[in-house]
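Read off the chains here:
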Amino acid sequence: MRLIDYYMVDAFSERTFGGNAAAVCPLTDWLPDEVMLSMAQQHNQSETAFFVPHNNGFSLRWFTTRNEVNLCGHATLAAAHVIFNHRGYTQPAIIFDTASGELTVSRDDDWLTLDFPADRTEPQTPPATLLRALGITSYQAAHKGRAWLIELADRQQVEAVKPDIAAMVPGEHKVTITAPGGEGYDFVSRFFSPGEAVWEDPVTGSAHTMLIPYWAQKLGKNRMFARQVSARGGDIRCELKGDRVLMSGQAKTYIVGKLMLG
């Protein structure tokens, strides 16, 4: 029987039961892909992060309950939180080798900052089927990058959207809806990806790789404060630095335990 350390972390939150939960499993070497997928399905979180030591940092991979993905912000934040707070790591920054290239996470007191590649979007017309599934009859702008980005008029409209999840799954299912923030925030958003078994993601780092360049251009500022207005919700300090985005958040450990394989 093989024992594996296991953590569940609420990322992009200063409190338990906020932000976005991720499972984190440190490994000494990679398990077979099918085993890691089965573990992610057993954990039944939107993402499970696995990492192994690699050169001067770590290799990091992310699995949903359906498949491996090539980028995940909140699970990267959760993995860094585990390394900094539970694995005795004393350096000021962690370098992760990932399917999306080299990603760095640095620490400043309780805040962790993700350094990710920016995802520039282009104006496009969203499919009518997607708009119907979202229940959106009008919008301010629509762009496409790694997912759809649809700007609505205000925070109230973003919060009021009640998508037909079943109608979203067959077609274009990855979409972030956004609007100017108000009340201390530069912008707000929500994110849906039902095709990846994520009906609504509570806080989404990968979506902010699109949102930060988008709002930086609209607002004429490179530093912003954002809120993902899901039921759990989460705050993100945002900065655009050339072709990179910096996303800072806090995290709280909820579970520390052991997994028994075999």
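These numbers were taken from a predicted model, which means no experiment stands behind them.

Peer 1: What's the story with the pattern of salt bridges in this structure? I'm lost.
Peer 2: Opposite charge on two side chains allows them to pair when their charged atoms are near. Using the criterion set out here, one finds 14 salt bridges in the structure. Across the pair D10 and R232 runs a salt bridge, and its minimum N-O distance is 3.0 Å. In this pair, D10 sits in strand β1 (residues 2-11) while R232 sits in the loop between β15 (223-228) and β16 (234-241), placing the two residues 222 residues apart along the sequence. According to the relative accessible area criterion, D10 is buried, its value standing at 3%. The exposure class of R232 is partly exposed, given its relative accessible area of 29%. Note that E183 and R155 form a salt bridge whose closest N and O atoms lie 3.8 Å from each other. Here the residue E183 occupies a position in the loop between β12 (175-182) and β13 (185-193), and R155 occupies one in helix α4 (residues 155-160), the gap between them amounting to 28 residues.

Peer 1: Honestly, a nonpolar patch on the surface in this entry has me stumped. Any pointers?
Peer 2: A cluster of nonpolar side chains, M1, L3 and M260, forms an exposed patch at the surface whose accessible area comes to about 400 Å². Within the element layout of this structure, M260 appears in strand β18 (residues 251-261). Its relative accessible area of 59% is what places M260 among the exposed residues.

Peer 1: Explain the nonpolar core here, please?
Peer 2: The nonpolar side chains of a soluble globular protein tend to be buried with one another. Core analysis: the biggest nonpolar cluster contains 52 residues, and W62, I94 and F96 have the highest contact counts within it. Ranked by the residues each element gives to this core, the list is headed by helix α2 (residues 73-86), at eight residues. By size, the runner-up hydrophobic cluster in this structure holds 19 residues, among which are L131, I136, I165 and I177.

Basis of the calculations
- Residues numbered from 1 in each chain as written.
- Predicted model: local features only at pLDDT ≥ 70, side-chain atom pairs only at ≥ 80, totals over all residues.
- Heavy atoms only, no water.
- Salt bridge = Lys/Arg side-chain N within 4 Å of Asp/Glu carboxyl O.
- Helix = DSSP H or I, 4+ residues; strand = E, 2+ residues; numbered from the N terminus.
- Buried < 20%, exposed > 50% of the residue type's maximum accessible area, 1.4 Å probe, protein only.
- Patch = residues over 30% accessible without salt bridge, like charges linked within 9 Å, V, L, I, M, F, W, Y side chains within 5 Å.
- Areas by Shrake-Rupley, 256 points an atom, 1.4 Å probe, with all protein chains shown as cover.
- Core = buried A, V, L, I, M, F, W, Y, C linked by side-chain atoms within 4.5 Å.

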